[in-house]
Amino acid sequence: MERDTRKFKSVEKYQVDNEIYSLLPFRFHSIDEEREVLVNEIGDYLLVPSGTAASIAGRRIDRSSSLYRDLVANFFISIKPVPDLLDLIAARYRTKHAFLHSFTSLHIFVVTLRCNHTCHYCQVSRATENKVDFDISYQDIDAGIEHIFKSASEDITVEFQGGEPLLAFEKVRYTVERILEQNEVPEFRKHIQFVICSNLTVIDEQILSFCKTHEILLSTSLDGPAFIHNSNRFKNGSGSYESVIEGISRARSVLGNDRVSALMTTSTLSLKYPKVIIDSYLENGFHSIFLRPVSPYGFAVKNKKKNAYHTDEFLKFYKEGLEYILELNKGGISIREDYTTILLQKLLTPFATNYVDLQSPTGLVSNVVVFNYDGFVYASDEARMLAEIKDYTFRLGHVSEPYEDLFFGKKVQQILNAGVAESLAGCSECAFLAYCGTDPVLNYATQNDMQGHRASSIFCKKNMEIFKHLFRILDSGVPEIESIFRSWVYQK
C-alpha cells in the first residue's frame with residue numbers, strides 16, 4: 001500500500017477521472033475564522049467559507065451547486081483539463097501586466113538639494129538655500145533628456161523634485177522647454193506630462209504663469225491641520241502651515257483646483273488624529289487623501305521619537321481613517337483614500353496600475369528612474385535617498401553614460417532579478433500575489449537584502465492586512481460599499 005506521507009508520489013496519484021473537474025491555478029488565504037478568499041492567476045477572487053479551498057482540491061464540490069458554477073465561470077476549475085477559454089485567460093493576464101509593454105515612463109529630475117524647510121521626516125540631506133553647488137548642471141539635464149527620448153514608453157511623466165525644486169526654477173524652466181522642443185521632432189514625439197513636487201512657499205506669478213502655459217501639475221505636502229503640519233514641517237525655524245495653504249490657494253486661482261494635489265506623511269503625532277487630518281483635507285478643498293506611512297530612510301530613521309512606530313499602529317490609523325472616509329461617502333461627502341483606490345483597481349478591474357511599489361516584476365528602472373542633482377542615476381526616489389547616507393547600492397551610473405549601460409547593465413539585472421514576486425519565497429504562494437508587488441529598495445533598507453524575508457517584512461505585513469481588511473469590507477453585506485469603491489476607481 002502506498003503511503004500518503006511520501007514526498008514524491010506516483011504519476012497515477014495525480015490522474016483525474018474525466019468526470020471530475022480539473023484545477024486551474026489559484027491561491028487562498030484566511031481572512032478570518034469563518035471566511036477565506038480564493039484568488040486566481042488573473043486576480044479574480046471569490047469570498048467563500050473556510051475550508052472551501054480544501055474541498056476544491058479534494059474534488060468534493062457538488063457539480064449542481066452555485067459554488068461550482070462560480071468556480072468554473074471565474075477560472076478556478078475547469079470541466080476540461082485545458083479550458084476552452086485559455087486564450088481569454090492569457091489575454092487578461094497580459095492586461096494585468098500591461099505596464100511591462102513599454103519601459104521607463106516616470107523620469108524624476110532632482111534639480112536641487114537646496115530647501116527652505118527642515119522637516120523631521122525628510123529622507124535626504126538637504127542643503128541650505130544659498131548653496132547653488134547642489135543644483136543639477138545643464139549638461140546633466142541635457143543627458144537626462146536624451147535618455148528620456150530613448151525610452152520605449154509613449155507616455156512620459158517628468159517630475160521635478162528636490163530639496164525644493166522651485167529654488168532652482170530656472171533649471172525647471174530649461175528642462176521643460178528643452179523637452180518640448182525635442183518632442184517636436186516627429187520620430188521622438190511622445191505624450192508628456194510635467195509635475196513639480198513643491199512645498200509651494202516660494203511660488204510666484206511668474207512660476208504659475210509658466211505652469212499654466214505648459215499644463216504642469218503641482219504636488220505639495222499637507223500633513224493635516226496646523227498643529228500637526230507645523231510639528232512636522234518647519235520653515236525658517238517655525239511652522240509652515242499658513243505658507244502652504246496660501247501657496248495652494250494661489251496655485252488653484254491660476255491653474256484650477258484639479259491641477260494641485262497634496263500628500264501627507266504619517267508621523268507619530270498623526271497616528272492619534274486620522275479623522276482630524278481627513279477633515280482638514282476636506283476643509284482645504286481636497287477630495288482625496290493618501291494615508292501614507294513614513295518612509296524608513298534618511299532623517300526619518302534617525303528621528304525615532306517623531307517617526308518610529310510599529311506597522312500595527314499605522315494599520316490602526318489607516319483602518320480608522322478608511323472607516324471614517326466610507327462614512328463620509330455614505331453621507332454624500334465625496335472623498336477617497338488614494339492607496340485603497342490603487343488596490344481596488346487591482347481587485348475590481350482587469351487593468352494594471354503604474355504604482356511602482358505594487359508591480360511585479362518590480363517597477364524600479366522599468367517604470368521609474370531618477371536623475372539626481374549630482375548627475376548620478378538611481379533606480380527610484382528611495383534609492384537616491386539611500387545614497388544620501390552614503391549607500392550607493394542602487395546607483396546605476398552617471399547620466400553621461402550610454403543608455404544601454406544605465407538601463408540594461410548588470411546592476412539593473414540584479415535589481416530586477418530580486419524584484420519578481422512570482423519567484424520569491426513567501427510571495428510565490430501568497431493569495432495576494434496578483435495584486436501585490438515587491439520593493440527591493442525597501443527590503444534592502446529594512447532587511448539588508450534585496451529579496452527580503454516575508455515573515456518579518458513591514459511591506460508584507462502592511463499590505464497583507466490591508467488586503468484582508470478590504471475583503472472583509474467587501475463581504476460585509478453593506479449594499480453601498482462596492483458602489484462607493486467602484487466610484488473611486490472610475491473617478492476622473
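Preceding this section is the structure that the text describes.
Residues numbered from 1 in each chain as written. Predicted model: local features only at pLDDT ≥ 70, side-chain atom pairs only at ≥ 80, totals over all residues. Heavy atoms only, no water.

Description of the packing of helix 6 (residues 205-213) against helix 8 (residues 241-255)
- Viewed as axis vectors pointing N to C, helix 6 and helix 8 meet at an angle of 40 degrees, and their least axial separation amounts to 10 Å. Taken together, the axes of helix 6 and helix 8 lie oblique to each other. For helix 6 against helix 8, the interelement crossing comes out right-handed. Across the interface between the two elements, E205, L208, C211 and K212 from helix 6 touch R250, A251, V254 and L255 from helix 8. (Axes fitted to C-alpha atoms, helices over the stretch in contact; angles between N-to-C directions. Helix = DSSP H or I, 4+ residues; strand = E, 2+ residues; numbered from the N terminus. Parallel < 35°, antiparallel > 145°, perpendicular 65-115°, else oblique. Left-handed = near helix turned anticlockwise from the far one by under 90°. Contact = heavy atoms within 4.5 Å.)

As for helix 17 (residues 440-447)
- Buried within helix 17 we find P440, V441, L442, N443 and Y444.
- For helix 17, the N-terminal cap is D439; the gap from its side-chain oxygen to the backbone nitrogen of V441 is 3.1 Å.
- Taken from the residues just after helix 17, N448 is the one with a positive phi, measuring 60 degrees. (Buried < 20%, exposed > 50% of the residue type's maximum accessible area, 1.4 Å probe, protein only. Polar contact = N/O pair within 3.5 Å; in protein donor to acceptor, adjacent residues only side chain to side chain.)

Observations concerning the pairing of strand 4 (residues 45-49)
- Note: strand 3 (residues 35-40) against strand 4, five bridges, orientation antiparallel. Following the sheet pairing, R35 is matched in strand 4 by P49. (Pairing = 2+ DSSP bridges.)

What about the pattern of salt bridges?
- In this structure the tally under the stated criterion is 20 salt bridges.
- E465 is the salt-bridge partner of K319, the closest N and O atoms lying 2.8 Å from each other. Pair noted here: K319 is in helix 12 (residues 311-330) and E465 is in helix 18 (residues 458-474), with a separation of 146 residues, a long-range link.
- Classification of K319 by relative accessible area gives partly exposed; the value is 26%.
- Among the residues examined, E465 registers a relative accessible area of 17% and is labelled buried.
- Linked through salt bridges whose partners overlap, the residues forming this network are K319, E465, K468 and R472. (Salt bridge = Lys/Arg side-chain N within 4 Å of Asp/Glu carboxyl O.)

So, the sheet that holds strand 11 (residues 233-235)
- What the three strands build is an open sheet, ordered 7-11-12; its pairing is antiparallel. The two strands at the open ends of the sheet, each matched to only one other strand, are strand 7 (117-119) and strand 12 (238-239).
- With two bridges connecting them, strand 11 and strand 12 associate as antiparallel partners. Paired with F234 across the strands is G239, a residue of strand 12.

Notes on the sheet that holds strand 10 (residues 217-221)
- The strand order across the open sheet formed by eight strands is 13-10-9-8-6-16-17-18, and the pairing between neighbours is mixed. Two strands bound the open sheet, and with one partner strand each, they are strand 13 (260-263) and strand 18 (395-398). Sheet twist, expressed as the mean angle between neighbouring strand axes with direction ignored, is 25 degrees.
- Of the strand pairs in this sheet, strand 16 (residues 368-371) and strand 17 (residues 376-378) are connected by two bridges, and their pairing is antiparallel. Paired with V370 across the two strands is Y378, which belongs to strand 17.

A short note on the packing of aromatic side chains
- One pass over the full model with this rule turns up 27 aromatic pairs.
- When the ring of Y45 is compared with that of F471, the centres are 4.9 Å apart and the planes differ by 65 degrees; the resulting orientation is edge-to-face. Of this pair, Y45 sits in strand 4 while F471 sits in helix 18, and the two are 426 residues apart along the sequence. The pair Y45 / F471 is uniform in exposure class, with both members buried.
- For the ring pair F394 and Y444, a centre distance of 5.6 Å and an interplane angle of 80 degrees mean the geometry is edge-to-face. Of this pair, F394 sits in the loop between helix 14 (381-387) and strand 18 while Y444 sits in helix 17, and the two are 50 residues apart along the sequence. Summarising the burial analysis for this pair, F394 and Y444 share the class buried.
- Within the aromatic cluster, the residues linked to one another by ring pairs are Y45, F432, Y435, F467 and F471.
- We note R395 situated over the ring of F376; from NZ or CZ to the ring centre the distance is 3.6 Å.
- Against the face of Y392 rests R395, its NZ or CZ located 4.2 Å from the ring centre. (Phe/Tyr/Trp six-rings, centres within 6.5 Å; stacked < 30°, edge-to-face > 60°. Lys NZ or Arg CZ within 6 Å of the ring centre and 35° of its normal.)

Quick notes on the side chain of N367
- Mapping N367 onto the fold places it in the loop between helix 13 (338-348) and strand 16.
- For N367, a relative accessible area of 4% gives the class buried.
- Look past the residues within four positions of N367 in its chain and what remains in contact with it is T104, S105, L106, N354, V356 and Q359.

A word on the packing of helix 13 against helix 18
- Following both chains from N to C, one finds helix 13 and helix 18 inclined at 70 degrees, their axes separated by 11 Å at the closest point. Taken together, helix 13 and helix 18 sit at an angle that is classed as roughly perpendicular. Contacts from Y339, T340, L343 and L347 of helix 13 reach helix 18 at K462, N463, I466, F467, L470, F471 and L474.
- Classifying every residue of the contact of helix 13 with helix 18 gives eight nonpolar, two polar and one charged. (Nonpolar A, V, L, I, M, F, W, Y, C, P; charged D, E, K, R; others polar.)

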